[in-house]
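Each chain is listed here by its residues.
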Amino acid sequence: MNPEIAAVRELLAQSPMAPSLSLDFPALRAGLEEFAALLPIVEGATVAEITLAGVAGERVAAPGASDRHAILYLHGGGYAIGSPRTHRALAAQLSAASGATAYVIDYPLAPEHPFPAGLEGAVAAYQALQDQGLKPANIVIAGDSAGGGLALAAALKLREIKAPMPAGLFCISPWADLTLSGETHRSHAKRDPIIVTEGQKQWAAAYAGKSPLADPLVSPAKSDFANFPPLLIHVGTEEVLLSDSLSIAARAGEAGVECVLLIAPEMIHVWHVFFPILTPARTAIADAGLWIKAKTQA
């Protein structure tokens, strides 16, 4: 095993991000904030509080980032934890790699605010960026884990309301099938150091509320992707959510949608956040930055 990913696994075993069946969301939120506070931000990056259509968030810009090109970033955390603060460092890395300004929104979280509150917040924020003068062709919607699923759901909603699509979607380890029907939930159960499928069932129920788990806006992997923007998907070989990414890529291909799927050997769920100590994380961020730059500055 790559010694760097071995060190990450050891770190995780001792951290607040270790696998758990806990539904103590306040404690889990605090634990993630504590972990994220250890991550360095790009030197010289600026962070400013913003509000987009009533949704709070942060504008994160690396030195030299363009105001005319944007990443709308939807943070991960099982639709129930996470914030702009927990993903500020990763957003700054993506801003530096792409030359675009990142907008990380604080969308409403479950269980206090179940579906469709988070989705409505994401769509409203995307439209608010356009109201500020940004063109859809210069915006990529990105997200990790639940945020990756939310990015896909946002595109489905935009298609439904016949609104302009973004230039692309970048999904890191997306959680996009809340029915948990993928084969890797079983085959990779002992390989994934972060996600416990049994616990995910409860998280899925907390987010879906009264809506069916198979509703495409809840589980976008169950939808078709006709007329979607280009997709970039990053997923690790060790994830129980690997099946989600495989399903998304297959459906995109069936719909004739451009889709780049990276399956990274030995990598775990959202390995990008370990960029300070993990070379494959820095490589993945750099590659994603080039893709975002090509899409938003075409």
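For the structure itself, look to the data block above.
> Would you mind going over the environment of Lys201 in detail, with residue names and values included?
Positionally, Lys201 belongs in helix H7 (residues 197-208). Note on Lys201: relative accessible area 45%, which makes it partly exposed. Taking the C-alpha atoms as reference, Lys201 lies 7.7 Å from Leu178; in sequence the two are 23 residues apart.

> Tell me about the nonpolar core, and name the residues and values.
By size, the foremost hydrophobic cluster in this structure holds 105 residues, and its most contacted members are Leu72, Leu74, Ile105, Leu152, Phe170, Trp175 and Phe228. With nine residues, the top contributor of residues to this core is helix H5 (residues 146-160). Setting aside residues no more than four positions away along its own chain, Leu74 makes contact with Ile105, Tyr107, Ala122, Ile141, Ala142, Gly143, Asp144, Gly147, Leu150 and Ala151.

> For the pattern of salt bridges, give the residues involved together with the corresponding values.
Applying the stated rule across the entire model yields eleven salt bridges. Note that Arg59 is salt-bridged to Asp67, the shortest N-O span being 2.4 Å. In this structure, Asp224 engages Arg159 in a salt bridge whose closest nitrogen and oxygen atoms are separated by 3.1 Å. Taken together, the residues Asp224 in the loop between H7 and strand E7 (231-236) and Arg159 in helix H5 connect sequence positions 65 residues apart.

> Please give an account of a nonpolar patch on the surface that cites residues and values.
A contiguous nonpolar surface patch, about 210 Å² in accessible area, is contributed by Leu246, Leu261 and Ile263. Assignment of secondary structure puts Leu246 in helix H8 (residues 242-254). Its relative accessible area of 37% is what places Leu246 among the partly exposed residues.

> Please set out the pairing of strand E4 (residues 100-105) residue by residue, giving values where relevant.
Of all six residues that make up E4, six are buried, and the element is covered over most of its length. Looking at chain direction, strand E2 (residues 55-61) and E4 are connected through four bridges and run antiparallel. Residue pairing for E4: Gly57 is matched across the bridge by Ile105. As defined by bridge partners, strand E3 (residues 66-74) adjoins E4 across five bridges and the pair is classed as parallel. Following the sheet pairing, Ala70 is matched in E4 by Thr101. In this region the chain leaves E3, passes through helix H3 (residues 88-98) and returns to the parallel neighbour E4; the handedness of that crossover is right-handed.

Definitions and limits used
Residues numbered from 1 in each chain as written. Predicted model: local features only at pLDDT ≥ 70, side-chain atom pairs only at ≥ 80, totals over all residues. Heavy atoms only, no water. Helix = DSSP H or I, 4+ residues; strand = E, 2+ residues; numbered from the N terminus. Buried < 20%, exposed > 50% of the residue type's maximum accessible area, 1.4 Å probe, protein only. Core = buried A, V, L, I, M, F, W, Y, C linked by side-chain atoms within 4.5 Å. Contact = heavy atoms within 4.5 Å. Salt bridge = Lys/Arg side-chain N within 4 Å of Asp/Glu carboxyl O. Patch = residues over 30% accessible without salt bridge, like charges linked within 9 Å, V, L, I, M, F, W, Y side chains within 5 Å. Areas by Shrake-Rupley, 256 points an atom, 1.4 Å probe, with all protein chains shown as cover. Pairing = 2+ DSSP bridges. Right-handed = clockwise from strand over helix to strand, strands pointing away.

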